[in-house]
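Okay, here's what each chain looks like letter by letter:
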Amino acid sequence: MSIIHRRALMLGAGALAFGARFGFAQTAAPAPAAASAAAPTGPHTLAPLPYGFDANEAAVDARTMELHWRFHHNAYVNNLNAALNGQEALARLPLDELLMNLSRVPENIRTAIRNNGGGHANHTMFWGIMGGRGGEPTGEVLEAINRDLGGSFGEFRNRFNAASMGVFGSGWAFVTVAPSGQLAIVTKPNQDTPLMDGQRVLMGNDVWEHAYYLRYQNRRVEYVNNWWNVLDWNKIGERLKAAREGTLRV
Ligand code: MN3
């Protein structure tokens, strides 16, 4: 018996029958069933975290970071792609444009796009502004905060924390940025995002329990206070600049 025939027998009768029908069992093993049955792999993808899981220990433990990115964020991406399956025009839209035009999304997939597209955008922003060492902003970010959000960094932080604590159940607190550079604090339930109102997001905090429960349990106030310790104000400054230039996406 040849090596090829022995391998075909090891693959089992099902593989043999499949191979005989399509005529390639003796030259290539069939693809694993799991791969051929997988969810669509695009158009949206889960980017690697821009730092290690332990980069935000001053606020968020490594296990929470890993679970949050690997399972929660990944599920939003997969479910978004599944909802876009067969929707060629919508699948070609950048994520921000998709979320800014929800009213044009067919009703049968609108909630899935809203929840999962919003989740993908929110978490992409969230990872992008963390991994830093906190402290206080300088330059244009500080000027904009002083001008629009209470006159001082301390007052801004108080207002933002109060907004974060005021989210009932699961949701987000954001700072939006207008093309003029004007800032405002807004909150959203679930995975909604200010993009859905045509606004751009400068920064935002995830106050779903999955973002903090392992270390803080129900103590959201400790999490929202510590979160400032891991912000990267350089990244937030880049977002403000991009917003003014019209190039800020999610
Ligand atoms: Mn989350």
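Residues numbered from 1 in each chain as written. Predicted model: local features only at pLDDT ≥ 70, side-chain atom pairs only at ≥ 80, totals over all residues. Heavy atoms only, no water.

Peer 1: Just to check I follow, could you spell out unusual backbone geometry for this structure?
Peer 2: For residues other than glycine, phi is negative in most cases, and the peptide bonds are mostly trans. Cis geometry marks the peptide bond from glycine 42 to proline 43, where omega comes out at 10°. Looking at the element boundaries, proline 43 is found in the loop between helix H3 (33-36) and helix H4 (62-84). One non-glycine residue, asparagine 190, lies in positive phi territory at about 55°. (Helix = DSSP H or I, 4+ residues; strand = E, 2+ residues; numbered from the N terminus.)

Peer 1: What exactly am I supposed to notice about the coordination of the manganese ion here?
Peer 2: Think of it this way: four donors in a tetrahedron around the metal ideally sit 109.5 degrees apart, and six in an octahedron ideally sit 90 or 180 degrees apart. The coordination sphere of the manganese ion, as far as protein atoms go, consists of His68 (NE2), His123 (NE2), Asp206 (OD) and His210 (NE2), spread over 2.0 to 2.1 Å. Ordering the donors of the manganese ion by residue number gives the pattern H-x54-H-x82-D-x3-H. Highlighted residues: histidine 123 in helix H7 (residues 107-129) and histidine 210 in the loop between strand S3 (200-206) and helix H10 (213-216), separated in sequence by 87 residues. Residue class for histidine 123 comes out buried when judged on its relative accessible area of 0%. (Donors = N, O, S within 2.8 Å, 3.2 Å for Na, K, Ca; no water. Buried < 20%, exposed > 50% of the residue type's maximum accessible area, 1.4 Å probe, protein only.)

Peer 1: Is there a simple way to think about the pattern of salt bridges in this case?
Peer 2: A pair can form between side chains of opposite charge whenever their charged atoms are brought close. Under the definition given, this model contains 13 salt bridges. Here arginine 147 makes a salt bridge to aspartate 148, at a shortest N to O gap of 2.8 Å. The class for aspartate 148 is buried, based on a relative accessible area of 18%. Between glutamate 245 and lysine 241 there is a salt bridge; the shortest N-O distance is 3.3 Å. (Salt bridge = Lys/Arg side-chain N within 4 Å of Asp/Glu carboxyl O.)

Peer 1: Explain the nonpolar core to me, please; I cannot follow it from the model alone.
Peer 2: Across soluble globular proteins, you tend to see nonpolar side chains buried next to one another. One finds Met130, Phe156, Met203, Tyr223, Trp227 and Trp233 to be the most contacted residues of the largest nonpolar core, which totals 46 residues. Breaking this core down by element, the ones donating at least two residues are H4, H7, helix H8 (139-148), helix H9 (153-165), strand S1 (171-177), S3, helix H11 (220-226) and helix H12 (233-245). Beyond its immediate sequence surroundings of up to four residues, methionine 203 is in contact with Met125, Ile129, Phe156, Ala173, Phe174, Val175, Trp227, Trp228, Leu231, Trp233 and Ile236. In this structure, Leu99, Ala121, Met196 and Val250 belong to the second largest nonpolar core, which totals 15 residues. (Core = buried A, V, L, I, M, F, W, Y, C linked by side-chain atoms within 4.5 Å. Contact = heavy atoms within 4.5 Å.)

Peer 1: What should I look at first to understand the sheet that holds S1 in this one?
Peer 2: Whenever strands of a sheet pair, they do so through backbone hydrogen bonds, lying parallel or antiparallel. Pairing is antiparallel across the open sheet formed by three strands, whose spatial order is S2-S1-S3. Of all strands in the sheet, those with a lone pairing partner are strand S2 (183-189) and S3, marking the two edges. Averaged over all pairs of adjacent strands, the angle between strand axes in this sheet comes to 25°, irrespective of strand direction. Two strands pair when backbone bridges link them, and S1 and S2 are joined in this way by seven bridges, in the antiparallel orientation. Residue pairing in the sheet places valine 175 in a bridge with isoleucine 185 of S2. Lying over the sheet, H12 contacts S1, S2 and S3, oriented at roughly 150° with respect to S3. (Pairing = 2+ DSSP bridges. Axes fitted to C-alpha atoms, helices over the stretch in contact; angles between N-to-C directions.)

Peer 1: Honestly, the packing of aromatic side chains in this entry has me stumped. Any pointers?
Peer 2: Aromatic rings considered in pairs are described by the distance between their centres and by the relative angle of their planes. The tally for this structure, following the rule as stated, stands at 14 aromatic pairs. Ring centres of tryptophan 172 and phenylalanine 174 lie 5.8 Å apart, and the angle between their planes is 10°; this geometry places the pair in the stacked category. The class of tryptophan 172 is buried, set by a relative accessible area of 0%. With a relative accessible area of 0%, phenylalanine 174 lands in the buried category. Every member of this aromatic cluster is reached through a ring pair, and the members are Phe153, Phe156, Phe160, Trp227, Trp228 and Trp233. (Phe/Tyr/Trp six-rings, centres within 6.5 Å; stacked < 30°, edge-to-face > 60°.)

Peer 1: What am I meant to see in the side chain of threonine 64 here?
Peer 2: By secondary structure assignment, the location of threonine 64 is in helix H4. Judged by relative accessible area, threonine 64 falls into the buried class, the value being 3%. Threonine 64 has contacts with His210, Ala211, Tyr212 and Leu214, leaving out every residue within four places of it along the chain.

Peer 1: Would you mind showing me how to read the environment of histidine 120 here?
Peer 2: Along the chain, the position of histidine 120 falls in helix H7. Separated by 71 residues in sequence, histidine 120 and glutamine 191 place their C-alpha atoms 8.6 Å apart. Setting aside residues no more than four positions away along its own chain, histidine 120 makes contact with His44, Thr45, His73, Tyr76, Val77, Leu80 and Leu95.

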